[in-house]
Amino acid sequence: MSATESLAVATVSHWIEGRAVTGSTDRNGIITNPATGEVIAQVNFASVSDVDDAVVSAKAAFPEWRATPLSKRAEVMFRLRTLIVENRDRLAAIISLENGKTITDALGEVARGLENVEFACGVPAMLKGGYSEQVSRGVDVYQLRQPLGVVAGITPFNFPAMVPLWMLSNAIACGNTFVLKPSEKVPSASILIAELAREAGVPDGVLNVVQGDKVAVNRLLEHPEVKAISFVGSTPVARYIYETATRNGKRVQALGGAKNHMLVLPDADVAMAADAAVSAGYGAAGERCMAISVVLAVGDVADPLIEAIRERAARIKVGPGSDAGSEMGPLISREHRDRVASYLDGALADGATLVVDGRQEPASSGDGYFLGPSLIDHARPGMRCYDHEIFGPVLSVVRVETYAEALKLINENPFGNGTAIFTQNGGAARQFQFDVEVGMVGINVPIPVPVSYYSFGGWKSSLFGDLHMYGPEGVQFYTRAKVVTSRWPDPAASKVDLGFPQVR
């Protein structure tokens, strides 16, 4: 199929006021199948007026949705959960087609997103306030948590369903209305989620989707009716989102990049550690902020561990995500694939050793954006392959002599998203979780993504803002506290008192 024929097949556009809406501009982007390089559709880029229409819709829907009883909101979230389960295969197929990940990986993404919908089903319990009786004679004080109003989410290409569900589930359950701006590379999953939300009973205007590029992003950042922004993406963009939105008076949680280290102590089970490194380093083609990209091998464990990783990497089947036998799919674009591959030449030039060269992967000879698993040995700080977030299937090994040396490398890294330690020593593991300056820690768990009833987020340059994503901190982010001081006195006891209020 030619590019022109593909463009005639479909145009993905916006979802405003409970229906698909064609934008007011003829600016479009193309959507490609990363496994073939073929153009499969186009996506309409929102204008400022399109974004304004979505915000107007959300603002108009807010008063009634905010007034909707908690039990009714929970009922809607339960129905959304059921509909996502019923449509999970359809959603996974869309994700695989536009992102390139395998169907199995896409189904896993849907499942992790679904956990957040399930958490949001418990909204009545999440929004309980506090009450203190008789703080002064006849006076009670209580705290309420109330929604903010119109809030927005800006989401990345690597998780087209999971990250939007991280945001919109809690935001809507808490009584807000939501405007989603998904990645223009993978726009279709967001429209299916919006359709399912409407079928579940989410009122028109409560969930809106605007497709597009920086025009749409900047309008959301500056729009006076948008009260909060949630973002997941690279650190430079996260910093820009945070600085711009806060300058415009908004609450912001902006999750940035990562350079996740996996520390392997000499007593670790080598086979288990190698399995974990391969799974966490090459899963989703390394295009996830929780991917392990650096293995810190302590002492004599380095040689057997590297050999075990090499053997496993060589057996990974790379191919189209739609192929049931594929274990790893392509990268998102040709430009990104070429950028990731450039780190391999850079590592050699910097003096590292290339143990496995993913550019030799047979699938990379076609028109798809494939790069096989790559393994670099003798990496060290100062090399590009170590210093940069590569965001691809490249695993670097740094050899260190001691736990202290490894810990110093992790704590000095500008990122603080996730980390893991592999050991059979409980004391060492406990010391590590105490010492390490990272937001999410795995002990013999390579990808420590928290379950939905905890919160997700890193430290340092991996997070801009005070509150992490989803879970209890997500509820806190999408609500604000109001404290009420109440007295119902006998009118006969009322009098003028210009002194400071007394509580004793």
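With respect to the overall build of the protein
A tally of helices and strands in the protein yields 17 helices and 23 strands. The globule rule puts the C-alpha radius of gyration for 504 residues at 23 Å, and the 25 Å found for the protein is close to it. Here the C-alpha coordinates of the protein stretch approximately 85 × 60 × 40 Å along the principal axes. Within the span of the protein, comprising 504 residues, buried residues form 57% of the whole. Within the protein, contacts between residues separated by at least 24 positions form 72% of all contacts whose residues are at least 6 apart in sequence.

Quick word on the nonpolar core
Residues Phe-178 and Phe-456 are the most contacted members of the largest nonpolar core, which totals 70 residues. A per-element tally of this core places helix α7 (residues 162-173) first, with nine residues. Counting residues in hydrophobic clusters, the runner-up holds 64 residues, among them Val-340, Tyr-386, Ala-428 and Val-436.

Description of the packing of aromatic side chains
What the rule picks out here adds up to nine aromatic pairs. With 6.0 Å between their ring centres and 50° between their planes, Tyr-453 and Tyr-454 make a pair best called tilted. Judged by its relative accessible area of 52%, Tyr-453 is exposed. Look at Phe-456 and Tyr-470: their rings are 6.1 Å apart centre to centre, the planes differ by 35°, and that puts the pair in the tilted class. A residue pair is termed long-range when its members are at least 10 positions apart, and Phe-456 in the loop between β20 (440-443) and β21 (459-460) and Tyr-470 in the loop between β22 (463-464) and α17 (471-477) qualify at 14 residues. The buried category is assigned to Phe-456, whose relative accessible area is 2%. An aromatic cluster of at least three residues, connected via ring pairs, comprises Trp-166, Phe-456 and Tyr-470. When the ring centre of Tyr-240 is taken as origin, the NZ or CZ atom of Lys-214, which lies over that ring, is 5.0 Å away.

As for the sheet that holds strand β1 (residues 11-12)
If you trace the three strands from one edge of the open sheet to the other, you get β1-β5-β4, paired in mixed fashion. Strand pairing shows two members of the sheet lacking a second neighbour, β1 and β4 (28-33), which therefore form its edges. In this structure, β4 lies alongside strand β5 (residues 38-44), joined through six bridges in antiparallel fashion. In the sheet register, Ile-31 faces β5, and the bridge partner there is Ala-41.

Comments concerning the pairing of strand β6 (residues 130-136)
For β6 and strand β7 (residues 139-147), the ladder comprises four bridges, and the chain directions are antiparallel. Among the inter-strand pairings, Ser-136 is bridged to a residue of β7, identified as Val-139. Between β6 and β7, which pair antiparallel and follow one another directly, the connecting turn spans two residues, one of which, Gly-138, has a positive phi of 80°.

Section: the confidence of the model for the protein
Confidence in the prediction for the protein averages 95 pLDDT; 98% of positions are at 70 or higher. Counting interchain partners and residues more than four positions distant, the pLDDT-below-50 stretch residues 1-8 has 12 contacts.

Notes on the packing of helix α3 (residues 70-86) against α7
Viewed as axis vectors pointing N to C, α3 and α7 meet at an angle of 155°, and their least axial separation amounts to 10 Å. Taken together, the axis directions place α3 and α7 in an arrangement best described as roughly antiparallel. Facing α3, whose interface residues are Arg-73, Met-77 and Ile-84, α7 presents Leu-165, Ser-169, Ile-172 and Ala-173. Among the residues making up the contact of α3 with α7, the classes are represented as five nonpolar, one polar and one charged.

Some remarks on the sheet that holds β7
Judged by pairing direction, the sheet is antiparallel, and its three strands sit side by side in the order β6-β7-β23 without closing on themselves. The open sheet has two edge strands with one neighbour each: β6 and β23 (479-487). When strand polarity is set aside, the average angle formed by the axes of neighbouring strands in this sheet is 25°.

Notes on empty space enclosed by the protein
Sizing a probe to match a water molecule and rolling it over the atoms shows the empty space that remains. Applying the stated criterion to the full structure yields three cavities of 30 Å³ or more. Quantified by volume, the largest cavity comes out at close to 110 Å³. Taken together, 15 residues make up the lining of the largest cavity; nearest its centre are Gly-286, Arg-288, Ala-291, Ser-293 and Phe-391. For the lining of the largest cavity, a count of residues per class yields seven nonpolar, five polar and three charged. Roughly 50 Å³ of volume is contained in the second largest cavity. Trp-15, Gly-18, Ala-194, Ala-197, Arg-198, Val-202, Pro-203, Asp-204, Gly-205, Val-206 and Leu-207 are the residues that line the second largest cavity.

Observations regarding the pattern of salt bridges
Tallied over the full model, the rule gives 19 salt bridges. Two residues, Glu-225 and Lys-59, come together in a salt bridge whose shortest N-O distance is 3.2 Å. Taken as a pair, Glu-225 in the loop between α9 (214-222) and β11 (226-232) and Lys-59 in helix α2 (residues 48-67) lie far apart in primary sequence, 166 residues in all. We classify Glu-225 as partly exposed; its relative accessible area is 24%. Judged by relative accessible area, Lys-59 falls into the partly exposed class, the value being 44%. Taking the shortest distance from any N to any O, the salt bridge between Glu-75 and Arg-79 comes out at 2.8 Å. Within this pair, Glu-75 and its partner Arg-79 are both found in helix α3, separated by four residues, close to a single helical turn.

A short note on a nonpolar patch on the surface
A contiguous nonpolar surface patch, about 340 Å² in accessible area, is contributed by Val-451, Tyr-453 and Tyr-454. Following the sequence through the fold, Val-451 ends up in the loop between β20 and β21. Classification of Val-451 as partly exposed rests on a relative accessible area of 32%.

A closer look at the state of the cysteines
Going through the model one piece at a time under the given rule, you end up with zero disulfides. A disulfide-free cysteine, Cys-121 has its sulfur positioned 13 Å from the sulfur of Cys-174, the nearest such atom. We classify Cys-121 as buried; its relative accessible area is 7%.

Rules and cut-offs
Residues numbered from 1 in each chain as written. Predicted model: local features only at pLDDT ≥ 70, side-chain atom pairs only at ≥ 80, totals over all residues. Heavy atoms only, no water. Helix = DSSP H or I, 4+ residues; strand = E, 2+ residues; numbered from the N terminus. Rg over C-alpha atoms; globule rule 2.2 N^0.38 Å. Buried < 20%, exposed > 50% of the residue type's maximum accessible area, 1.4 Å probe, protein only. Contact = heavy atoms within 4.5 Å. Core = buried A, V, L, I, M, F, W, Y, C linked by side-chain atoms within 4.5 Å. Phe/Tyr/Trp six-rings, centres within 6.5 Å; stacked < 30°, edge-to-face > 60°. Lys NZ or Arg CZ within 6 Å of the ring centre and 35° of its normal. Pairing = 2+ DSSP bridges. pLDDT = per-residue confidence, 0-100. Axes fitted to C-alpha atoms, helices over the stretch in contact; angles between N-to-C directions. Parallel < 35°, antiparallel > 145°, perpendicular 65-115°, else oblique. Nonpolar A, V, L, I, M, F, W, Y, C, P; charged D, E, K, R; others polar. 1 Å grid on protein atoms, 1.4 Å probe; cavity = no way out; pocket = protein on both sides within 12 Å on 5 of 7 lines; lining within 4 Å. Points joined across faces, edges and corners; volume = space filled by probe spheres on them. Salt bridge = Lys/Arg side-chain N within 4 Å of Asp/Glu carboxyl O. Patch = residues over 30% accessible without salt bridge, like charges linked within 9 Å, V, L, I, M, F, W, Y side chains within 5 Å. Areas by Shrake-Rupley, 256 points an atom, 1.4 Å probe, with all protein chains shown as cover. Disulfide = S-S within 2.5 Å.

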